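Residue-level listing of the chains:
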Amino acid sequence: MKLGIVGLPNVGKSTLFNSLTKAGAESANYPFCTIDPNVGVVPVPDERLDKLTEMYHSKKTTPAVIEFVDIAGLVKGASKGEGLGNQFLANIREVDAIVHVVRCFEDSNIVHVDGTIDPIRDIETINLELVFADLEVLERRISKVVRGAKNDKELAKELELLNRIKAHLEEDKLAKTFETEDEDELAWLASYNLLTAKPVIFAANVEEDGLAEAETNNLFFNKVREYAKELDAEVFVVCAQIEQEISELEEEEKREFLEELGLCESGLEKLIKASYSLLGLISYLTSGEDETRAWTITRGTKAPQAAGKIHTDFERGFIRAEVVNYKDLMEHGSMLAAKEHGLVRSEGKEYVVQDGDVILFKFNV
């Protein structure tokens, strides 16, 4: 999974990226300090892996990972070359979802590019730049398709769709709110890889003092939450400064620190939950003496395709999957004990893999 982090300058975007990845992207109180997109790969915290590693005495533990791309602070006019221009928008095109960091705190020491705090205005500023960038993509595609549309029904149909999407965006609407009429249109829309069609997670960056009560007491956050509902987007509260502090702590210290703040989980854990929920992802697990590993798949994936995540041969030569639920396995202490209680199932090609399934695939090539 690849997530692109965007936001206006000085909203806490690079501070959040630093804390999530410990990659050390430069963070400073002025626009454009992030000149190259910074990339960090983060393991997905999953205590199930630790327990399985212990049970199987695995030599290696491999978690699922998320790749974060930190994009330079966009400003009004970025798509037309303002600030650092739209060179960074290309870096967002390849991500699965956009994490939009929104400033929801007042601080006279940290300048805001527009002078005042208004999260909805900030969101719409970024959205407008993404719309402009998408219009450029559509115009290039239209100029290619229009030449052959007179003599080709398929191209004529696509051209009609392109013009409808273009008109939709010209009303300052996002591609994700555009309604396609059939499977062909849906496939074409996906192939354009439009920025405003991507799923969005809003990270509402709040100040430390009001973090624990932000979901009820922060007026800026409430506005962002209402806005997110309209877009079917995910939203969560985070304090980038605190995330940076806890990123330096050991696991036990981190838990104690979060408890002192009245928090159950870190910003990274909230973001991962929001990402998995938004993208419809789950993890299944494999475990043995050599390795314990988490595999990320789309909810609804059947056993052969899940096996194909490990190796294409596993899918091609799929025979069956031996499946036990992680909780059942832990409750009985071993695969043998789980089998004796009838909790290990032999599943075929139509089995839909569930989150937390511990699976051994049988295949023959």
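Please refer to the structure placed before this passage.
Model, not experiment: these values are computed from the prediction. (Residues numbered from 1 in each chain as written. Predicted model: local features only at pLDDT ≥ 70, side-chain atom pairs only at ≥ 80, totals over all residues. Heavy atoms only, no water.)

So, the pattern of salt bridges
1) Next: For the coordinates displayed, the defined rule picks out 26 salt bridges.
2) Next: A salt bridge links Asp122 to Arg121, with the nearest nitrogen and oxygen atoms 3.2 Å apart.
3) Next: Look at Asp122 and you get buried, because its relative accessible area is 3%. (Salt bridge = Lys/Arg side-chain N within 4 Å of Asp/Glu carboxyl O. Buried < 20%, exposed > 50% of the residue type's maximum accessible area, 1.4 Å probe, protein only.)

Some thoughts on the sheet that holds strand E7 (residues 234-238)
1) Next: Taken together, the 6 strands give an open sheet; going across it, the order is E2-E4-E1-E5-E6-E7, and neighbouring strands pair in mixed fashion. Edge strands, defined here as strands with exactly one partner in the open sheet, are strand E2 (38-43) and E7. Going across the sheet, the axis of each strand differs from the next one's by a mean of 25°, ignoring polarity.
2) Next: Here strand E6 (residues 200-205) pairs with E7 via 5 bridges, running parallel. Among the inter-strand pairings, Ala204 is bridged to a residue of E7, identified as Val237.
3) Next: Contacting strand E1 (2-6), E2, strand E4 (65-70), strand E5 (97-103), E6 and E7, helix H11 (residues 267-279) crosses the sheet at an angle of about 180° to E7. (Pairing = 2+ DSSP bridges. Helix = DSSP H or I, 4+ residues; strand = E, 2+ residues; numbered from the N terminus. Axes fitted to C-alpha atoms, helices over the stretch in contact; angles between N-to-C directions. Contact = heavy atoms within 4.5 Å.)

A word on empty space enclosed by the protein
1) Next: Under the defined criterion, the tally for this structure stands at 3 cavities of 30 Å³ or more.
2) Next: In terms of lining residues, the largest cavity is bounded by Ile98, His100, Asn127, Leu130, Leu174, Lys176, Leu195, Thr196, Lys198 and Val200.
3) Next: The set of elements that each furnish at least two residues to the lining of the largest cavity consists of E5 and helix H4 (119-148).
4) Next: In the lining of the largest cavity, the residues fall into 5 nonpolar, 3 polar and 2 charged.
5) Next: Estimates place the volume of the second largest cavity at around 50 Å³.
6) Next: Class assignment for the residues of the lining of the second largest cavity results in 6 nonpolar, 2 polar and 3 charged. (1 Å grid on protein atoms, 1.4 Å probe; cavity = no way out; pocket = protein on both sides within 12 Å on 5 of 7 lines; lining within 4 Å. Points joined across faces, edges and corners; volume = space filled by probe spheres on them. Nonpolar A, V, L, I, M, F, W, Y, C, P; charged D, E, K, R; others polar.)

What to know about helix H5 (residues 153-170)
1) Next: For H5, spanning 18 residues, the distance from its first C-alpha to its last is 26 Å, which sits close to the expected 26 Å at 1.5 Å a residue.
2) Next: When we look at burial in H5, the residues that qualify are Glu158, Leu159, Leu161, Leu162, Ile165, Lys166, His168 and Leu169.
3) Next: Taken together, the buried residues of H5 touch H4 and helix H6 (183-191).
4) Next: Of the residues that open H5, the one with a side-chain oxygen 2.8 Å from the backbone nitrogen of Glu154 is Asp152.
5) Next: Following H5 by one or two positions, Asp172 adopts a phi angle in the positive range, close to 65°. (Expected span 1.5 Å × (residues − 1). Polar contact = N/O pair within 3.5 Å; in protein donor to acceptor, adjacent residues only side chain to side chain.)

Brief notes about the layout of surface pockets
Which parts of space are left empty comes out when a probe the size of a water molecule is rolled across the atoms.
1) Next: Each pocket or cavity is described by its volume, and for the largest pocket that value is around 1100 Å³.
2) Next: For the largest pocket, the lining is made up of 36 residues, of which Val44, Pro45, Asp46, Glu269 and Ile272 are closest to its centre.
3) Next: Among the elements of the structure, helix H1 (13-21), E2, helix H2 (47-56), helix H9 (240-246), helix H10 (251-260), H11 and strand E8 (281-287) are those that each provide at least two residues to the lining of the largest pocket.
4) Next: Here the lining of the largest pocket gets 5 residues from one element, more than from any other, and that element is H11.
5) Next: When the residues that make up the lining of the largest pocket are grouped by side-chain class, the tally is 16 nonpolar, 6 polar and 14 charged.

Keep in mind these values describe shape, not function.
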